[in-house]
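Now for the letters of each chain:
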Amino acid sequence: MTVTLREAGEADYPAVAAVMSAANPRHAWTAETLAHETQGLLDHPLRPHLFQLLAEQGGQAVGAALTYQLPGMFHPDRYQAEVMVVPQAEGQGIGSMLADALEAHLESRGAREVLAGTYEDHPRGLAFLARRGFTEALRVFDNVLDLGEFDPAPWAEQARLPDGLRLLSLPELMAERGEDAAWRAYHAAYAEAREDVPRTGEATPLLYGVFRQREEHPGFLPGGVLLAVTDAGEVAALTELYGDAADPGRLNTGLTGTRRAWRRQGLGLALKLAALDLARQRGARSLWTGNASTNVPMLALNERLGFRPQLAWIEMRRGNLAGGGV
Ligand SMILES: CC(=O)SCCNC(=O)CCNC(=O)[C@H](O)C(C)(C)COP(=O)(O)OP(=O)(O)OC[C@H]1O[C@@H](n2cnc3c(N)ncnc32)[C@H](O)[C@@H]1OP(=O)(O)O
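The name given to the protein in an unreviewed UniProt entry is Mycothiol acetyltransferase, with Deinococcus aluminii as the source organism.

(A) Focus on the overall build of the protein. What the protein contains, in helices and strands, is 9 helices and 12 strands. Relative to the 2.2 N^0.38 estimate, which gives 20 Å for 326 residues, the radius of gyration of the protein is 21 Å and therefore close to what a compact globule would have. Summarising its shape, the C-alpha atoms of the protein cover approximately 65 × 40 × 35 Å along the three principal directions. Counting the 326 residues in the protein, one finds 49% classified as buried. Restricting to contacts in the protein with at least 6 residues of sequence separation, those with at least 24 account for 72%.

(B) Structural detail: unusual backbone geometry. Phi at R47 takes a positive value of approximately 55 degrees, unusual for a residue other than glycine. Looking at the secondary structure, you find R47 in the loop between α2 (31–43) and β2 (50–57). Given a relative accessible area of 56%, R47 falls into the exposed group.

(C) Spatial organisation of the site of the ligand. Near the ligand lie 24 residues; those nearest to it are T256, T258, R264, G266 and R304. Take R263: an N or O atom from its side chain is 3.4 Å from an oxygen atom of the ligand. With respect to the ligand, the side chain of N295 contributes an N or O atom lying 2.8 Å from an oxygen atom. Isolated, the ligand exposes 970 Å² of accessible area, and the fraction of that covered by the protein chains is 80%. At the level of secondary structure, the elements contributing two or more residues to the shell around the ligand comprise β10 (250–258), α8 (267–281), β11 (286–292) and α9 (296–305). Within the shell around the ligand, the residues separate by chemical class into 9 nonpolar, 11 polar and 4 charged.

(D) α9, seen in detail. Of all the residues in α9, the buried ones are M298, L299, L301, N302 and L305. With its buried residues spanning 165 degrees around the axis, α9 presents them on a single face. The exposed residues of α9 that point more than 90 degrees off its buried face are V296, P297, E303 and R304. Where the residues of α9 are buried, they touch β6 (135–146), β10, α8 and β11. One or two residues past the end of α9 sits G306, with phi positive at roughly 105 degrees.

(E) Broad picture of the packing of aromatic side chains. Inspection of every chain in the model, using the stated rule, returns 7 aromatic pairs. Geometrically, the ring pair formed by Y190 and F211 is tilted, given 5.0 Å between the ring centres and 55 degrees between the ring planes. Taken together, the residues span a long stretch of sequence, with Y190 in helix α6 (residues 179–194) and F211 in helix α7 (residues 208–211) at a distance of 21 residues. Exposure class is identical for Y190 and F211. Each is buried. An aromatic cluster is present here, built from W183, Y186, Y190, F211, F220 and Y242 joined pairwise through their rings. Positioned over the ring face of Y119 is R26, at 4.2 Å from the centre of the ring. The ring of W288 carries R250 above its face, with NZ or CZ at 3.5 Å from the centroid.

(F) How the structure looks around the environment of L227. You can see L227 is positioned in strand β8 (residues 220–230). Looking at L227, the relative accessible area reads 0%, which means it is buried. Put simply, L227 and L273 are 46 residues apart on the chain and 12 Å apart in space, counted from C-alpha to C-alpha. Residue contacts for L227: discarding those within four places in its chain leaves R166, L167, L168, S169, L170, L173, Y186, V235, A237, L238 and L271.

(G) Structural detail: the UniProt feature "domain: N-acetyltransferase" (unreviewed entry) in the protein. Residues annotated by UniProt as "domain: N-acetyltransferase" (unreviewed entry) correspond here to residues 3–157 and 176–326. Within residues 3–157, the helical portion is 32% and the strand portion 32%, while the C-alpha atoms at the span's ends are 60 Å from each other.

The rules behind the values
Residues numbered from 1 in each chain as written. Predicted model: local features only at pLDDT ≥ 70, side-chain atom pairs only at ≥ 80, totals over all residues. Heavy atoms only, no water. Helix = DSSP H or I, 4+ residues; strand = E, 2+ residues; numbered from the N terminus. Rg over C-alpha atoms; globule rule 2.2 N^0.38 Å. Buried < 20%, exposed > 50% of the residue type's maximum accessible area, 1.4 Å probe, protein only. Contact = heavy atoms within 4.5 Å. Near = heavy atom within 4 Å. Polar contact = N/O pair within 3.5 Å; in protein donor to acceptor, adjacent residues only side chain to side chain. Areas by Shrake-Rupley, 256 points an atom, 1.4 Å probe, with all protein chains shown as cover. Nonpolar A, V, L, I, M, F, W, Y, C, P; charged D, E, K, R; others polar. Arc of directions from axis to C-beta. Phe/Tyr/Trp six-rings, centres within 6.5 Å; stacked < 30°, edge-to-face > 60°. Lys NZ or Arg CZ within 6 Å of the ring centre and 35° of its normal. UniProt positions renumbered as here; feature names shortened; annotations may be inferred.

As structure tokens, this is what we get:
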């Protein structure tokens, strides 16, 4: 049956999200989460580029492709690319059609670095990217804790923050300091810690106004933002829990981070323990996080708690601006 490609817009988000979720069921999307992410891109002061394609067969969405620029790792010549085909439509050349159309678009933009990825258990995806000149740049594990297997009792000591720090949720800090001061303290800690998260290019500074948009994310849980707060109202460390788009029994971790001056004093561990406690109170079955295989501190901490690495997502790159470009 004939396959047609067309540019996708807002009205297609339910179809695009369904394709994305079918192609990668480990990370579900809804029209709402897609609209949030897309709006974040369109509104960003860096004006990142976005181009979306939908593949249809007999009136059904069978594939999607998108290319965009990540504001958090921005370079005018760097693009992310994603090509997805629903499992029942694989093997008919739809991925190649979508990839060819994306390639033409990227060429017209003068892209010099393209990042794309696939799971390690998807040899077809890996071969597809290798044929198109991509090589491995970074591996990120889904790291999952089964809350039914976690026993908090042996961790009572480590769950306490050092003297001079208090555990507060974001709403609690807002009640004490006011909304703007609380968000600014949260932002300051987040912005510093995220600079040290392994990534394939240099982090772009995270603007406060952009950071505030996370409260519009459909999965954002204000009470799931847990903070280690100093007497002066500064945030020394944080962890974040988000609701999952598809599974009410699952929570996803945003960032866990400790400001540099506070590292290795037990803050990260205490906050993760608080997050596990909150997740259990909310009736969650599992807690997911994504950790780069090179993130030694985070992997060590999560392993101690019983998180188990699942399959790795392999981020692949063609061209390398950090290395001078090709
Ligand atoms: C989904 C995600 O959030 S992925 C991104 C994770 N965050 C980042 O990469 C941000 C940058 N890194 C950081 O902010 C910090 O290094 C964190 C959050 C990873 C760790 O925070 P800290 O407050 O320093 O951790 P904490 O002091 O509680 O350490 C607890 C345990 O973790 C392990 N650990 C922490 N840092 C290290 C390290 N550098 N090397 C090895 N193990 C470490 C140890 O087991 C440690 O226990 P110990 O000190 O008794 O040996």
